[in-house]
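Tertiary structure, described
As a plain string of letters, each chain reads:
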Amino acid sequence: MFSASLLNPQSPQTVAISALFTNVLVVALIVFLTVAGLVVYNIVRYRAKPGAREPQQRFGSKPLEVLWTVVPLLIVAVLFVTTVRTMAAVDAPRQPDQAPDLIVTGHQWWWEAHYSNGAATAGEIHIPAGRRLLVQIDSADVIHDFWVPQLARKMDAVPGLSGYIWLQANTPGIYQGSCAEFCGAQHAWMRFVVVAEPEADFSAWMNRQSEPAQAPAEGAAADGARLFQTKQCGDCHAILGTAALGRNGPDLTHVASRKSLGSGIDTNDPATLARWIGDPQSAKPGNHMPDSHLTSPEAQAVLAYLETLK
Ligand code: CUA
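**Quick word on the overall build of the chain**
The number of helices and strands found in the chain is seven helices and 12 strands. A compact globule built from 310 residues should have a C-alpha radius of gyration of about 19 Å, whereas the chain, at 27 Å, is more than 25% larger. Residue burial in the chain is summarised as follows: out of 310 residues, 39% are buried. A separation of at least 24 residues holds for 65% of the contacts in the chain among residues at least 6 apart in sequence. When the accessible surface of the chain is summed, it comes to about 17300 Å², and 62% of that surface belongs to carbon and sulfur atoms.

**Thoughts on the domain arrangement of the chain**
According to the domain assignment, the chain consists of domain 1 (11-45 + 60-90), domain 2 (102-209) and domain 3 (219-306). Spacing between the C-alpha centres of domain 2 and domain 3 amounts to 22 Å. Counting residues at the interface gives 19 residues for domain 2, matched by 18 residues for domain 3. Carbon and sulfur atoms make up 53% of the area that domain 2 and domain 3 hide from each other, which totals about 1600 Å². The three residues of domain 2 that bury the most area against domain 3 are W110, W189 and Q209, which together make up 31% of that side's buried surface. At the junction of domain 2 with domain 3, the criterion picks out zero salt bridges. On the surface where domain 2 and domain 3 come into contact, there are 11 residue pairs in polar contact (both at pLDDT 80 or more). Counting only elements with at least two residues in the side of domain 2 that touches domain 3, the list comes to β2 (110-115), β3 (120-122) and α3 (199-210).

**Here's the deal with the environment of S260**
With respect to the secondary-structure elements, S260 resides in strand β11 (residues 260-261). When its relative accessible area of 17% is taken as the criterion, S260 is described as buried. For the pair formed by S260 and G123, sequence separation is 137 residues and the distance between their alpha carbons is 7.6 Å.

**Considerations on helix α1 (residues 12-45)**
Taking 1.5 Å per residue as the helical rise, α1 with its 34 residues ought to reach 50 Å, and the 49 Å between its terminal C-alpha atoms agrees with that figure. Buried residues of α1: Q13, T14, S18 and L20, and no others. Along its buried surface, α1 packs onto α2 (62-90) and β8 (163-167).

**Focus on the sheet that holds strand β1 (residues 102-107)**
Strand order across the open sheet formed by five strands is β3-β2-β1-β5-β8, with mixed pairing between neighbours. Only two strands of the sheet have a single neighbouring strand rather than two, namely β3 and β8. Mean inter-strand twist for the sheet, computed between neighbouring axes without regard to direction, equals 25°. By the bridge criterion, three bridges tie β2 to β3 in an arrangement that is antiparallel. Bridge pairing in β3 places H114 opposite A120.

**Remarks on the pairing of β1**
For β1, a buried count of five out of six residues is recorded, marking the element as mostly surrounded by other parts of the structure. Here β1 folds back onto β2, and the loop between the two strands holds two residues. Relative to strand β5 (residues 133-139), β1 is paired through five bridges, and the arrangement is parallel. Bridge pairing in β5 links T105 to D138.

**Some details on the packing of helix α5 (residues 270-278) against helix α7 (residues 296-307)**
Look at α5 against α7: their axes get within 10 Å of each other, and the N-to-C directions meet at 130°. Taken as axis vectors, α5 and α7 run oblique relative to one another. For the element pair α5 and α7, the recorded crossing hand is right-handed. Facing α5, whose interface residues are P270, L273, A274 and I277, α7 presents A299, V302, L303, L306 and E307. Per-class residue counts for the contact of α5 with α7 are eight nonpolar, no polar and one charged.

**Some remarks on the layout of surface pockets**
If you roll a probe as big as a water molecule over the atoms, it shows you where there is empty space left. The volume enclosed by the largest pocket comes to roughly 780 Å³. For the lining of the largest pocket, the secondary-structure elements that each account for two or more residues are β2, β11, α5 and α7. At three residues, α5 tops the list of elements feeding residues into the lining of the largest pocket. Among the residues forming the lining of the largest pocket, the class breakdown is 19 nonpolar, 14 polar and five charged. Summarising the domain contributions, the lining of the largest pocket has at least three residues from each of domain 2 (102-209) and domain 3 (219-306).

Thresholds, definitions, all that
- Residues numbered from 1 in each chain as written.
- Predicted model: local features only at pLDDT ≥ 70, side-chain atom pairs only at ≥ 80, totals over all residues.
- Heavy atoms only, no water.
- Helix = DSSP H or I, 4+ residues; strand = E, 2+ residues; numbered from the N terminus.
- Rg over C-alpha atoms; globule rule 2.2 N^0.38 Å.
- Buried < 20%, exposed > 50% of the residue type's maximum accessible area, 1.4 Å probe, protein only.
- Contact = heavy atoms within 4.5 Å.
- Areas by Shrake-Rupley, 256 points an atom, 1.4 Å probe, with all protein chains shown as cover.
- Domains from an automatic or database assignment.
- Buried area = accessible area lost by both parts, 1.4 Å probe.
- Salt bridge = Lys/Arg side-chain N within 4 Å of Asp/Glu carboxyl O.
- Polar contact = N/O pair within 3.5 Å; in protein donor to acceptor, adjacent residues only side chain to side chain.
- Expected span 1.5 Å × (residues − 1).
- Pairing = 2+ DSSP bridges.
- Axes fitted to C-alpha atoms, helices over the stretch in contact; angles between N-to-C directions.
- Parallel < 35°, antiparallel > 145°, perpendicular 65-115°, else oblique.
- Left-handed = near helix turned anticlockwise from the far one by under 90°.
- Nonpolar A, V, L, I, M, F, W, Y, C, P; charged D, E, K, R; others polar.
- 1 Å grid on protein atoms, 1.4 Å probe; cavity = no way out; pocket = protein on both sides within 12 Å on 5 of 7 lines; lining within 4 Å.
- Points joined across faces, edges and corners; volume = space filled by probe spheres on them.

Dropping the structure here:
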């Protein structure tokens, strides 16, 4: 499922980073080939012949000293300037004078995204293709690292310190992201997707996601909605429009509309969701969701309820 290519940049920011990488690689390759070539040439050309005396020694050639001081200095200066220029073109301001378009928070072990209109999601970030968004990166617990290789630079998620990046995709598509800083047992399953879509689809999605959940009128789903409140699910999970306001776990207001569960560990289908409700530790060992000890009919009802939250 994870197939993000580092060498296939899809935003102006990553195209600039990729160009810098290529330029540095070419310069380094020229330096390497020159030095290695001269070493090999001298080894072959000036080998000690049998019976030869020690060759004449030379010290203190001023032109040579100047040459191998100035040339490396120029090379490093050029690399320095191109790097700083790329950083200036790619990085968001450290203290932006505009409000972020969305706030992404790293948790052990999932990513939360909050949009300015109140929409909240987990493991799946939608952006408008062709327009850059200012993203604030926070952490709720330990240090994580937000990374979408094709779209943006890495940014550490540090508790108590907000970082900012530009997030942009040139064309619509689904881009893979991950946590790039070891953060505990399930660090490897702290993945997410960025869904870039046309502007109209994006605003429709954002409006839909900000709407409160519809309360089911009757049947198993209605039982599930009641159980969700009485079994304290709402202590950790929020469902907009209900009494559930928890912020420790993913917002579930529109959980059924998401592509995957458990930060990419599995596709979002009733079987996966049933496993999370019935035995969270088998779904993703070590995660912070406790077992609610639901009976089988109770678990079925909660599943029926969550499946209505499109
Ligand atoms: Cu979060 Cu690694």
